[in-house]
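Remarks on the overall topology
Read off the chains here:
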Amino acid sequence: MNSAIDHVLADGPAQLLPARELMAFTLGSHILLVPFGVALPAVTLLMHYRGLRRGDAVALLLARRWSAVMAVQFAIGIVTGTVLSFELGLLWPGMMGRWGDVFGLGFGVEAWAFFLEAILIAIYLYGWRRLKPWTHFWLAVPLPLAALMGAFGIVAANSWMNTPRGFTLDAAGNPVDVDVRRAIFTPMFGPEYWHFVVGVVLTAGYVVAGVYAVGWLRGRRDRYHRLGFTVPFSVAAILTPVQFLLGDSIARSVFHKQPVKFAATEIVWKTGTHVPEYMFGRLRSDGTIAGGIRIPQLDSLLAGFSTDTKVTGLSSVPAGDRPTATQATIAHWAFDIMVTVASLLLLLALWYGWCWLRRRDLPRSPWFFRCAALAGGACLLTVECGWITTEVGRQPWIVYQNMRVAEAVTDARASTLWTMLGIVVVLYVLVFGAFLTVLRRMSGRWRLADEGALAAAGTGDVEGDTPYGPRPLSPTGGGDGGPA
Amino acid sequence: MTEDAVAWVLLAAVTAYACAGGTDYGAGFWDLLAGGAERGRRPRWLIDHAMEPVWETNNVWLVFILVIMWTGFPVLFQTVFTAMWLPLALAAVGLVLRGAGFALRKPTRRLAGRRVYGAAFAVSSLLTPFFLGAAVGGLATGRVAPGTKASAEAWSNGTSVIAGLLTVAATAFLGAVFLTADARRFDAADLVGYFRLRAWCSLGALAVLAVVGLVVTRDDARYVHDGLTSGTGLALVLIAVAGALATAGLLYRTATGWARITAVGSVALTVVAWGLAQRPYLIPTSLTVSEAAGATTTLRWLLLVTAVAVVLVGPPLVLLYRLDTAGVLQPLTEADLRRTAAGREPENP
């Protein structure tokens, strides 16, 4: 571990490490909320539609409760997101000053999309009681589209950092002749965008379903839990194989467009054909590999569908232009964890699909629900891993092959940045802790209320008789705009 | 020409944030001064209800300002964030505390928890606008130029402090005027007088600070001072003063709807006057609009994106404010989120 820290310290000014850690911490925290900001409205609207269309009071209750969660989540996401735009200036002024006009437009699109999202979400969250039911629903329908538009802007900016283009450099090394279209639609944009969009939707789906899977395991086998599980889980399960293919496609795009990053994620040292695949393992700075499972020929085969495929190795570029052995190992582990989790999720989705096709019913095994309960957390882990793969694999470049992270960093003193990191860590731990506490309290209050409702129903408790039957609710559907 | 148009868009965004975000900061300021849990219960109730549906939208203007800065004027962005490191970092910390405090206070039931979240929200509602104002004030003095390193002197001078205090006072004024109107809207007769008095007081504070500011900036921020005391700048400032006085009068007659318009108008005109006084500089007197401008093609695209966005975002924004002022937007209550008893709908109180 000490040698790892030395490696990171060695390649830049003193403020580089704290600046990196601060960015990594704030972005790594914010990214956990992103799937819900982008995809929770879509999942909620799906449930809402079901509730309105079929007059299903249980579905409407679920949609209402999810929107109450969304209200808190969206607020936390907005503040952590605003911090990130501050940090682009506070930590990386060199990048923004030189490249802001080349790749900033994506952020411009994102800011407006985000603005629209904030407006629509406010109308949706606060429109339940007084707007007409269908008016309320239709006003929220553009919400997922705005979220996709916002993701477009952010991913465009990030993919530009990976495969920058749309400019030429003048004699002083400054970008001129900016071509905005080429700068937005860079080679990595398409693969990154679809991988991201599908990834966040299935993450939101698995996390929401996981909550009800836990309830199911604790014996709350009513229609409320069944519906709360089935709708988001089905969305996620359908997207899981899609994401598997998209993940494979983005890995191959990296192989073609960022060969050194590919070499880091697969810890390939020497350029060659018939390259073996390593599952996990650690790259040493002399190019040898410690530990891990070695599968002969597989890396070449996966990269180009033939064992004769030539894979570029890390040693093909000077040491200063490629990730260090430690960074490569980090990117490699992140990548392998992501692939492993994806494979397990694929099995889970197939299990679900098999039962559904055969019996039109949920799997009966408690192990299925145990796995489903863990799937959400596993997805959040892959979101982190995907981000680590793309960011650490790009080192030491902040703008691939055009600007090093060390050139972009602020002049602020290292001690100031360490202090700020300390403050931000404490602050975020408190905020995220409070956020989770509030969510748990909310769900606890709802559960007590549900149980209270059951107790009030007395001995004629329909739940006991018909575990999958509708909850004792009015058939007209509630809360969708009754007189206030 | 293109860069001037983008500079106008930037100024418009700053104005919008000053008015929309400013009103919310002001609400937080009055939350801070509302007193203990019992005494401050009514004002806080009103502040919560007034801010809930719109504060996130109002906050996004800030993100938009930052994006226009780095896309349209990268050198300006780099300079500001290098030289004003500490106040901007503190403002960012304040934004987290404020947003999280407000969002978490609502679903929290226990008094102790509500107190903690409320305090975070209220204190940072004071500090964040102060630091943002101080950074802008520091820029006006000419202490900052491209290449300036971070230093306390850039933002801890007389002009910066006055600008920070003026920002806080302006937000308090806007907040109090809007809350007076909201008190009428929510039929809280007792709070109309409560917030009207505070609007008048903050207007008095604004007047005192403005006079002090005039004196301080004469030597310390000469370029902006001259721009504000002559020509178009002066004309706009005088109209703004008239608007502020009209607000005070309208509040007296409890014409709260009109008071909101004149209050927003006077703050908006002051910001625009400041922006005009800086012409042709983005940072007086070292960085002009044309020197700071990014690539022309990017600026054209930025204008195009802005135009498309105005068409797409404008109507929903108008709808949001209309629904909000018409009282259509209400939070889900606990009763909406739970079932009360078998076979019965949750009651709508």
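About the cut-offs
Residues numbered from 1 in each chain as written. Chains lettered and ligands numbered in written order. Predicted model: local features only at pLDDT ≥ 70, side-chain atom pairs only at ≥ 80, totals over all residues. Heavy atoms only, no water. UniProt positions renumbered as here; feature names shortened; annotations may be inferred. Helix = DSSP H or I, 4+ residues; strand = E, 2+ residues; numbered from the N terminus. Contact = heavy atoms within 4.5 Å. Phe/Tyr/Trp six-rings, centres within 6.5 Å; stacked < 30°, edge-to-face > 60°. Buried < 20%, exposed > 50% of the residue type's maximum accessible area, 1.4 Å probe, protein only. Lys NZ or Arg CZ within 6 Å of the ring centre and 35° of its normal.

Under the annotation held in an unreviewed UniProt entry, chain B carries the name Cytochrome d ubiquinol oxidase subunit II and is attributed to Streptomyces rishiriensis. Note on chain B: under the UniProt heading Subcellular location (unreviewed entry), the record states "Cell membrane". As recorded by UniProt, the Sequence similarities (unreviewed entry) comment attached to chain B reads in full: "Belongs to the cytochrome ubiquinol oxidase subunit 2 family."

You'll find chain A entered in an unreviewed UniProt entry as Cytochrome d ubiquinol oxidase subunit I, with Streptomyces rishiriensis given as the organism. The UniProt entry for chain A carries this comment under Sequence similarities (unreviewed entry): "Belongs to the cytochrome ubiquinol oxidase subunit 1 family." For chain A, the Subcellular location (unreviewed entry) comment in UniProt is given as "Cell membrane".

Quick look at unusual backbone geometry now. Glycine aside, the phi torsion of most residues is negative, and most peptide linkages are trans. Each neighbour pair has its own omega, and for Gln395 of chain A with Pro396 of chain A the value is 0°, a cis peptide bond. Take Pro396 of chain A: it is sitting in the loop between α14 (366-392) and β7 (397-399). Arg279 of chain B connects to Pro280 of chain B through a cis peptide bond whose omega is -5°. At Phe280 of chain A, a residue that is not glycine, the phi angle is positive and equals roughly 55°.

Glancing now at the UniProt feature "transmembrane region" (unreviewed entry) in chain B. Here, UniProt's "transmembrane region" (unreviewed entry) annotation points to residues 6-33, 83-104, 116-140, 160-181, 193-216, 228-251, 258-277 and 301-321 of chain B. Taken end to end, residues 6-33 of chain B comprises 96% helix and 0% strand; its first and last C-alpha atoms sit 39 Å apart.

Turning our attention to the environment of Leu239 of chain A. Residues and elements named next belong to chain A. Examined against the element boundaries, Leu239 turns out to sit in helix α10 (residues 223-257). Taking the C-alpha atoms as reference points, Leu239 and Gly199, separated by 40 residues in sequence, lie 8.4 Å from one another. Beyond its immediate stretch of four places on either side in the chain, Leu239 contacts Val198, Val201 and Leu202.

Looking now at the packing of aromatic side chains. Tallied over the entire structure, the rule returns 53 aromatic pairs over all chains. Ring centres 5.8 Å apart and planes at 75° place the aromatic pair Phe103 of chain A and Phe107 of chain A in the edge-to-face group. The two residues Phe103 of chain A and Phe107 of chain A agree in class, both being buried. Within the aromatic cluster, the residues linked to one another by ring pairs are Phe86, Trp99, Phe103, Phe107, Trp160 and Phe167 of chain A together with Trp70, Phe77 and Phe81 of chain B. Here Arg370 of chain A stacks its cationic end above the ring of Trp367 of chain A, 4.6 Å away from the centre of that ring. The aromatic ring of Trp397 of chain A is capped on one face by Arg404 of chain A, whose charged end is 4.5 Å from the ring centroid.

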